[in-house]
Amino acid sequence: GESVGLHLPTLSVQEGDNSIINCAYSNSASDYFIWYKQESGKGPQFIIDIRSNMDKRQGQRVTVLLNKTVKHLSLQIAATQPGDSAVYFCAEGENQGGKLIFGQGTELSVKP
Amino acid sequence: GAVVSQHPSRVICKSGTSVKIECRSLDFQATTMFWYRQFPKQSLMLMATSNEGSKATYEQGVEKDKFLINHASLTLSTLTVTSAHPEDSSFYICSARGQGALLDTQYFGPGTRLTVL
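What this report covers is the structure whose coordinates are included nearby. The structure presented is a predicted model; accordingly, all values stated were derived computationally and were not measured.

Remarks on the pairing of strand β10 (residues 106-111) of chain A
Residues and elements named next belong to chain A. What you see with β10 is a clean split: T106, L108 and V110 sit on the buried side and E107, S109 and K111 on the side with no burial. For strand β1 (residues 10-14) and β10, the ladder comprises 5 bridges, and the chain directions are parallel. Looking at β10, one finds that V13 is bridged to V110. In the sheet, strand β8 (residues 86-93) pairs with β10 via 3 bridges, with the strands oriented antiparallel. Its bridge partner being in β10, V87 is matched across the sheet by E107.

As for the packing of aromatic side chains
Counted under the stated rule, the structure contains 10 aromatic pairs over all chains. Look at A:Y36 and B:F108: their rings are 5.0 Å apart centre to centre, the planes differ by 80 degrees, and that puts the pair in the edge-to-face class. Separated into two different chains, A:Y36 in strand β3 (residues 32-38) and B:F108 in strand β10 (residues 106-108) make up a pair that spans both. Across the pair, B:F108 and A:Y36 agree in class, each one buried. For the pair A:F102 and B:Y36, a centre-to-centre distance of 5.5 Å together with 80 degrees between the ring planes defines the contact as edge-to-face. Here the residue A:F102 occupies a position in strand β9 (residues 100-102), and B:Y36 occupies one in strand β4 (residues 32-38), the pair thus bridging two chains. The pair formed by A:F102 and B:Y36 is uniform in burial state, with each residue classed as buried. Every member of this aromatic cluster is reached through a ring pair, and the members are A:Y36, A:F46, A:F89, A:F102, B:Y36 and B:F108.

Observations concerning the environment of B:S15
All names here are of chain B. Among the structural elements, S15 can be located in the loop between β2 (10-13) and β3 (19-25). S15 sits in the partly exposed class, given a relative accessible area of 38%. Separated by 73 residues in sequence, S15 and D88 have C-alpha atoms that sit 9.6 Å apart. Not counting the four nearest positions on each side in its chain, S15 is found in contact with A84, H85, P86, V116 and L117.

Here's the deal with the state of the cysteines
Residue and element names in this part refer to chain A. Per the stated rule, a full pass over the model turns up 2 disulfides over all chains. Across the disulfide, C23 is cross-linked to C90 (sulfur-sulfur distance 1.7 Å). With a gap of 67 residues between them, C23 in strand β2 (residues 19-24) and C90 in strand β8 connect regions that are remote in the sequence. No difference in accessibility class separates C23 from C90, as the two residues are buried.

Analysis parameters
Residues numbered from 1 in each chain as written. Chains lettered and ligands numbered in written order. Predicted model: local features only at pLDDT ≥ 70, side-chain atom pairs only at ≥ 80, totals over all residues. Heavy atoms only, no water. Buried < 20%, exposed > 50% of the residue type's maximum accessible area, 1.4 Å probe, protein only. Helix = DSSP H or I, 4+ residues; strand = E, 2+ residues; numbered from the N terminus. Pairing = 2+ DSSP bridges. Phe/Tyr/Trp six-rings, centres within 6.5 Å; stacked < 30°, edge-to-face > 60°. Contact = heavy atoms within 4.5 Å. Disulfide = S-S within 2.5 Å.

In short, geometric facts, not functional conclusions.
Structure follows, in structure tokens:
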């Protein structure tokens, strides 16, 4: 298999603060990137995606930034809420709908 | 729309037995389904890509004779873990890619927790 993580890094934020979750990807040929949210015992839930011809995309309370020069992806969550507590994964692929390779994930913990 | 289900959600079996996990696209036809495995506190690892009507493509290091995949229809793919052992205990997740407007992304199922005693 590919991209198997070892232990999840964690990020702890105060409710109402902004969160920034980072991801480094490995394949220069990847042109499609997705952020997923996974709650305990559940499958991944789509948050936002971005193609390589863009460097920023915004959704509702979330923004994804893509820096192809250094192969870096970030997810910004505005006004973080307790319901945002979960593990967040970035995933890369060479085309939309194709095989995805997942990053190691970051556990976000929101303190009330 | 674009709902994917898995059955069972949890299964406990004895070592040496085989377990079948179903993945269904409920409201769309899935030409391609993907099977992932996830160990605690780790990322999703792609096991295989399943295309309807053809043999699955397995990722390097995944034993095709141990993890049998059948994608017999456009709404159903099954993963059978044969002669399961405790080290096969994991969270198995499928995803499905649709046609037309649903071609662009993968929709994930809720996962199946397998425990092998």
